[in-house]
Amino acid sequence: MIRIPEIAEISGLSVSTIKNYVNGGYYSKRGFVPKDVGFPKPAKIINNIRLFEESKIRRFFNIA
């Protein structure tokens, strides 16, 4: 199980970009724009900490 900062590290994306993927969109000058990129859902949420299955994250980013 991995957290968002670890996902950012292995993917090369920023933490805020990963959070936008998790929330199903991104922010622009006009506000939140919904856009589903098919990012895996958290496997567990404990005390507001989202945990993801590493295998699903690696598959999403095509990382072996």
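Below: a short report on this structure. Quick caveat: nothing in here was measured; it's all calculated off a predicted structure. (Residues numbered from 1 in each chain as written. Predicted model: local features only at pLDDT ≥ 70, side-chain atom pairs only at ≥ 80, totals over all residues. Heavy atoms only, no water.)

## A look at the overall build of the protein
Each helix and strand counted, the protein has 3 helices and 4 strands in total. Reading the secondary structure of the protein in the N-to-C direction produces α-α-β-β-β-β-α. Relative to the globule expectation of 11 Å for 64 residues, the C-alpha radius of gyration of the protein, 12 Å, shows essentially globular dimensions. Considered along the principal axes of its C-alpha atoms, the protein spans approximately 35 × 30 × 20 Å. By the burial criterion, 22% of the 64 residues in the protein qualify as buried. Of all intrachain contacts in the protein linking residues separated by at least 6 positions in sequence, the fraction that spans at least 24 positions is 37%. (Helix = DSSP H or I, 4+ residues; strand = E, 2+ residues; numbered from the N terminus. Rg over C-alpha atoms; globule rule 2.2 N^0.38 Å. Buried < 20%, exposed > 50% of the residue type's maximum accessible area, 1.4 Å probe, protein only. Contact = heavy atoms within 4.5 Å.)

## Focus on helix 2 (residues 15–23)
A turn of α-helix holds 3.6 residues, and therefore any two residues three or four places apart point the same way. Of the positions making up helix 2, those classed as buried are I18, N20 and V22. Those residues of helix 2 hidden inside the fold are in contact with helix 1 (4–11), strand 1 (25–28) and strand 4 (49–51). Just beyond helix 2, the residue with positive phi is G24, at close to 80°.

## A closer look at the pairing of strand 2 (residues 31–34)
For strand 1 and strand 2, the ladder comprises 4 bridges, and the chain directions are antiparallel. Bridge pairing in strand 2 places S28 opposite G31. (Pairing = 2+ DSSP bridges.)

## Considering the packing of aromatic side chains
Per the stated rule, a full pass over the model turns up 7 aromatic pairs. Arranged with centres 6.2 Å apart and planes meeting at 70°, the rings of Y21 and F60 form a pair that is edge-to-face. With Y21 in helix 2 and F60 in helix 3 (residues 54–60), the pair connects residues that are 39 residues apart, well separated along the chain. Its relative accessible area of 26% is what places F60 among the partly exposed residues. Relative to F61, the ring of F39 has its centre 6.2 Å away and its plane inclined at 70°; by these criteria the two rings are edge-to-face. With a gap of 22 residues between them, F39 in the loop between strand 2 and strand 3 (44–46) and F61 in the segment after helix 3 connect regions that are remote in the sequence. Take F39 and F61: they sit in the same class, and that class is buried. (Phe/Tyr/Trp six-rings, centres within 6.5 Å; stacked < 30°, edge-to-face > 60°.)

## Topic: the side chain of N20
Position of N20 relative to the elements: it lies in helix 2. Leave out the neighbours within four places in its chain, and N20 touches G25, Y26 and Y27.

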